Structures are given as C-alpha cells and as structure tokens.
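# Examining the three-dimensional arrangement
The lines below spell out each chain.
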Amino acid sequence: MLNSIIKKPGKLSAIALGSNIGDSYKILTAAIETLANTPGMKLEAQSSWYRTKAVGPPQPDYLNGCAIFRVQMSPDLLLETLLATEAKFGRVRQQRWGARSLDLDLLLYDDLIIDTPQLQIPHPRMVTRAFVLVPLVEIAPHWVEPTSGSMIKDIVKQVDCADVVLCQK
Ligand SMILES: Nc1ncnc2c1ncn2[C@@H]1O[C@H](COP(=O)(O)O)[C@@H](O)[C@H]1O
Ligand SMILES: Nc1nc2c(c(=O)[nH]1)N=C(COP(=O)(O)OP(=O)(O)O)CN2
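Small disclaimer: the values here were computed from a predicted structure and weren't measured.

In this section: the pattern of salt bridges. If the charged atoms of two oppositely charged side chains come close together, the side chains can form a pair. The full count for this structure, using the stated rule, is six salt bridges. For Asp154, the salt bridge identified is with Lys153, shortest N-O distance 3.6 Å. Within this structure, Lys42, Glu44 and Arg70 form a network of salt bridges that share partners.

With 90% of its residues at a pLDDT of 70 or more, the protein chain shows a mean pLDDT of 93. Prediction confidence for the complex, expressed as pTM and ipTM, is 0.93 and 0.96 respectively.

Locating Glu86 in the fold gives a position in helix α3 (residues 75–88). Assessed through its relative accessible area of 1%, Glu86 is described here as buried. There is a polar contact of 2.7 Å between the side chain of Glu86 and the backbone nitrogen of Leu104.

Once that is clear, we can look at the site of ligand 2. Neighbouring residues of ligand 2: 14 residues in total, closest Thr52, Lys53, Val55, Arg125 and Arg129. Contact distances for ligand 2 include 3.2 Å between an oxygen atom and a side-chain N or O atom of Asp105. At a separation of 2.6 Å, an oxygen atom of ligand 2 approaches a polar side-chain atom of Arg129. The protein chains hide 91% of the 490 Å² of surface that ligand 2 would expose on its own. Counting residues per element, the ones that place at least two in the shell around ligand 2 are β4 (62–71) and β5 (103–109). Split by residue class, the shell around ligand 2 holds five nonpolar, three polar and six charged.

The subject of this paragraph is unusual backbone geometry. Residue Pro122 is reached from Ile121 by a cis peptide bond, and omega for that bond is -5 degrees. With a phi angle near 50 degrees, Asp110 is a residue other than glycine that sits in the positive phi range. Assessed through its relative accessible area of 29%, Asp110 is described here as partly exposed.

Next up on the list: the environment of Val164. Looking at the element boundaries, Val164 is found in strand β10 (residues 164–166). Put simply, Val164 and Ile113 are 51 residues apart on the chain and 28 Å apart in space, counted from C-alpha to C-alpha. Excluding residues within four positions of it along the chain, Val164 makes contact with Tyr50, Arg51, Thr52, Ala130, Phe131 and Val134.

Among the secondary structure elements, Lys53 is positioned in the loop between β3 (50–52) and β4. On the basis of relative accessibility, which here comes to 46%, the residue Lys53 falls in the partly exposed class. Lys53 sits 109 residues away from Ala162 along the chain, and the two C-alpha atoms are 9.4 Å apart. The contacts of Lys53, once residues within four sequence positions are left out, are Asp61 and Asp163.

Quick notes on the rules
- Residues numbered from 1 in each chain as written.
- Chains lettered and ligands numbered in written order.
- Predicted model: local features only at pLDDT ≥ 70, side-chain atom pairs only at ≥ 80, totals over all residues.
- Heavy atoms only, no water.
- Salt bridge = Lys/Arg side-chain N within 4 Å of Asp/Glu carboxyl O.
- pLDDT = per-residue confidence, 0-100.
- Helix = DSSP H or I, 4+ residues; strand = E, 2+ residues; numbered from the N terminus.
- Buried < 20%, exposed > 50% of the residue type's maximum accessible area, 1.4 Å probe, protein only.
- Polar contact = N/O pair within 3.5 Å; in protein donor to acceptor, adjacent residues only side chain to side chain.
- Near = heavy atom within 4 Å.
- Areas by Shrake-Rupley, 256 points an atom, 1.4 Å probe, with all protein chains shown as cover.
- Nonpolar A, V, L, I, M, F, W, Y, C, P; charged D, E, K, R; others polar.
- Contact = heavy atoms within 4.5 Å.

Printed below as a string of structure tokens:
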C-alpha cells in the first residue's frame, strides 16, 4: 500500500493512537476524523484497532491503532496539532505512562531523524512497543525506521506481541 501512495505531494507521517479512559473506540475514531479534516493532513491508511495490556503502572487495557497521514506541515506543527487534538478529547497529563483518554504519538515523518527536547522522531520507544508495531506493520510493513535502518516488518519480529489482540469492533 505504501508504494502506491508514496509519490504524491507532502510527506508521509505515521501516528500512533491509544486510549484507555472513556469510550476508547469512539474517542479514537473521532480523533482520526478530526485529524483527517485538519488542513494540511490527509488520511492515507488506518490500521485495525487492538486491545492491549497497559505498559507502565497498573491501569485498564488500552485500545491502540496507527494511521498514516500525508502532511503538508512541518514536524513541529504536526506535533502541535497532535497535542491540541489530545487536549480537545480531554487529555489530562498526570502520571508518566498513566491512563489517558487519548494519546497521539508522532512515530515517523518521512525518513527524518529529529532529536530536540520537544520532539524526537522516530519516536524513541516505538521499536520496543508491540502495541505500536503490530498495528503499524499492517499499514507500513516496508517503511524503514531511519535510526535502526530496519523495516517495520523486521522490527516487529523482535518483540513479544502476545498482549496485543485484534479487536473486532
Ligand atoms: N515523537 C513524539 N511524539 C509525541 N510527543 C513527543 C514526541 N517527541 C517528544 N514528544 C514530547 O512528549 C510530550 C508528550 O508526551 P506523551 O505523554 O507521549 O503525550 C510532548 O510534550 C512532546 O513535546
Ligand atoms: N498498551 C499500552 N500501554 C501504554 C500506552 C499505550 O498506548 N498502550 N501508552 C503509553 C504511553 O505513554 P506516554 O505517551 O505517556 O509516554 P511515551 O512518551 O513513552 O510515549 C504507556 N503505556
């Protein structure tokens, strides 16, 4: 799928979505719609949703998924857009890795590597997280994670995916 969409204007960016407070399915689908309707963002692909065990302090299971957008905005503006969308859906920052209504992480932006205090791309923890890699491999198996130089389909083989279960809803 990636090959057929790679040659249009703008840059491809992969976003991870997660929620474990409220009606997570409704929140996540509405968040995708909000992003897809944002000027400068076009939804190119969306994964299935997965029920996943929480990584971090004890808290309810998450619903996780990933999406690819074609973006005509800088990585900084894209991060700002994601943070504003989290806030719109009631995200409150409390405990690190704690429960949240909506988490949007910028995983990949074309083949860029960025390492500033405000923004790291690729997302530094994406390569160890089954709840990111399992949905991402569905829609971007051949995307090369630029820090490791490995494709998502090969990175996912190195993590334990037992706690990531495909959701039918
Ligand atoms: N790649 C990134 N995606 C999202 N947020 C990032 C990224 N790199 C740095 N950040 C900073 O992390 C916080 C948001 O934390 P979460 O708990 O993951 O929502 C935000 O202030 C970004 O500046
Ligand atoms: N199963 C699951 N566990 C999680 C999830 C998630 O989406 N699914 N998100 C987290 C994210 O934590 P946070 O975004 O605060 O930290 P980060 O900067 O490491 O992404 C922590 N644990």
